[in-house]
Amino acid sequence: MKRRSESPDPDAEEQELSFQDLIGLGSHSARKSHYSVLEEKLAELEAERNRYKWLFENALHGIFQADFNGTVRAANPAFAAICGYDDSRQIIDQPQLLETLFDDPADYAQLKRELRQTGKVYRFLSSLNRRDGVRIHVSMNALLKSEAGEELFEAFVLDISAFKEAQEALTRLNEELEARVMRRTRELTVLNEKLVLEIGEREQMQEQLRLAKEAAEQANLSKDKYLAAASHDLLQPMNAARLLVSTLRERTLAEQDSYLVERVHLALEGAEELLNDLLYISKLDQQAVQPKFEVFSIQQLLASLEGEFQPLAACSGLQLKVLPSSLCVRSDVRLLGRILRNFISNALRYTNQGRVLVGCRRKGSQLSIQVWDTGEGVPDDRLTEIFHEFYQLDSHRRSGRKGVGLGLAIVDRLARMLDHSIEVSSWPQQGSMFSVEVPLADAVESQQAAYKPEMAGDNLEGACILVLDNDENILISMEALLRQWNCVVYLARDQEEAIDLCKSRSLRPDVILADYHLDRGQTGTDAVLAMRHCAGTDIPAAIITADYSDESIQLFQDLRMPLLNKPVKPAKLRALLSHLLRD
């Protein structure tokens, strides 16, 4: 039987040719047709190999491959540099290098153990001995591999020495900070304990100061009471002496006697000024002086000051000129008068020749009341110091007419109390100008307070004056002075004696001069009221006292009884009597 040949399978033939071609056993034509594909695949493999080789050699991290005997099979330059070598071959050529490379052999043993157990290790921290003997800290990621039945492992190594040093430095810094905080805490604890003690001591001191303040305030109250009680007794004999000396000064005496009387007068004047200023400073310290603002004509105050100081200026051989003014101001007439009185008194005291001029100058809404003199002046560097208590210029201390250094201190306090500004200008050896600025009143207030000048004339001849005082020396002195002025004088020591005198002689005096504080609790105001009731008419009366309290002054104003402060100045007494007699 003839066998029929089978037709060939094209797919099988193609498969057979491809396999043969791949293993290199095909026909020459088949190898030639697939050579380009093989060449392309080999090129790709070579490129991939070169890329991994480049990455291996240029990686920033150290990379090495080693067996479990400790021999490094491959290493990149970064790992060589970490270990302190210049070339990777220097590591590869050293058998079992890893056993000596690890600083702690236990770390190397632990690395191999974890690789065999898990096949991989991440962030394995250890330390290596660099070639130069320096210990470095590293972090490793390792992976277990098997090639040709042999166990190998590949590792990535990162040098963390800088981080470790920074961490250790941070740890040391934290320890130092903690130590510093503890030390500072101890210091603060000690300071706090010390502060607690100081607070306790301060509280004790404050309590002691409070007690001392209360004692001082009580002492001040006692002092004020003492001064108030003593001022009357102190000024009584001085008042009598002043009146007697004033009487003698108005008489024609021998030259030597006149000189002695004048020296006594100056001595009494200085003592009086010192005592008055001390009493007034005490009142200011205790805030016992309170301003009472009102609108008044400045001419009213100027005329009073002119009448008071004109005799003193004449006795000193000086010219006192007061320029009139029609303006009205708002102030306390009593306190402003004290300021101007001190200005004029100082000007007359420290001017040897020439004149003293008092005038007013308008400055917008203010009135500047100025006192000019032709005295010795004040140096520029002393213009502020002269307002200090008890301060006097050397030239003033050498002067025979020196003061006590309290007048301008009182002026400064009163000006601040009234909110009036004080100015001073001076030209050495030519003169000085002291001024106080006072608010002007408006038109309506000025019209209501317009000044009405009094009639001139101070002839007291024949005037009947009743003097009521419990001090025998005062009665004698007043009688001598008033009789020298050609007055008819009657004397009484208390209210009953004065009323009996009026009843027995049907006496109706023209003016009553009454001391405020009498014996047995009587007052001059009550006596005047009783005498007016007895006479059936309002007899003009003035109160003479050393009581400067605001309550007493207000009482005298309410009763419309003018006030004369002790020691009485004859010029002021004469001016007041003339005023009361005219009224």
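Look a little higher up for the structure.
Undergrad: Outline the sheet that holds strand β14 (residues 488-492), listing residues and values.
TA: Strand order across the open sheet formed by five strands is β14-β13-β15-β16-β17, with parallel pairing between neighbours. A strand with exactly one partner marks an edge of an open sheet, and here the two such strands are β14 and β17 (563-565). Within this sheet the neighbouring strands show an average axis-to-axis angle of 20 degrees, counted without direction. Along the sheet, helix α14 (residues 472-484) makes contact with β13 (464-468), β14, β15 (511-515) and β16 (541-545), crossing β14 at roughly 170 degrees.

Undergrad: So what's going on with the sheet that holds strand β4 (residues 135-147)? Which residues, and what values?
TA: Read across the open sheet, the five strands follow the order β2-β1-β5-β4-β3; overall the sheet is antiparallel. Both outer strands of the open sheet, β2 (72-75) and β3 (120-129), are each paired with one neighbouring strand and no more. Taken pair by pair, the neighbouring strands of this sheet meet at an average axis angle of 30 degrees, ignoring direction. In this sheet, β2 lies alongside strand β1 (residues 62-67) in antiparallel orientation, the contact comprising three bridges. Its bridge partner being in β2, Ala-66 is matched across the sheet by Val-72. Sitting on the sheet, helix α6 (residues 105-118) is in contact with β1, β3, β4 and β5 (150-159), with an inclination near 165 degrees to β3.

Undergrad: A description of the side chain of Ser-477 should follow, citing residues and the corresponding values.
TA: Turning to its location among the elements, Ser-477 is positioned in helix α14. In this structure Ser-477 comes out as buried when scored by relative accessible area, which is 0%.

Undergrad: Which residues make up the pairing of strand β7 (residues 319-322), and what are the values?
TA: Taking every second residue as pointing to the same face, the buried face of β7 carries Leu-320 and Val-322, while none of Gln-319 and Lys-321 on the other face is buried. When β7 meets strand β9 (residues 355-363), the two strands line up parallel, connected through four bridges. Paired with Gln-319 across the two strands is Arg-355, which belongs to β9.

Undergrad: Which residues make up the packing of aromatic side chains, and what values go with them?
TA: One pass over the structure, following the stated rule, counts seven aromatic pairs. On the numbers, 5.9 Å between centres and 80 degrees between planes, the contact of Phe-64 with Phe-153 is edge-to-face. In this pair, Phe-64 is assigned in strand β1 and Phe-153 in strand β5, connecting sequence segments 89 residues apart. One exposure class covers both Phe-64 and Phe-153, and it is buried. For the ring pair Phe-68 and Phe-153, a centre distance of 5.4 Å and an interplane angle of 65 degrees mean the geometry is edge-to-face. Of this pair, Phe-68 sits in the loop between β1 and β2 while Phe-153 sits in strand β5, and the two are 85 residues apart along the sequence.

Reading the values: the criteria
- Residues numbered from 1 in each chain as written.
- Predicted model: local features only at pLDDT ≥ 70, side-chain atom pairs only at ≥ 80, totals over all residues.
- Heavy atoms only, no water.
- Pairing = 2+ DSSP bridges.
- Helix = DSSP H or I, 4+ residues; strand = E, 2+ residues; numbered from the N terminus.
- Axes fitted to C-alpha atoms, helices over the stretch in contact; angles between N-to-C directions.
- Contact = heavy atoms within 4.5 Å.
- Buried < 20%, exposed > 50% of the residue type's maximum accessible area, 1.4 Å probe, protein only.
- Phe/Tyr/Trp six-rings, centres within 6.5 Å; stacked < 30°, edge-to-face > 60°.

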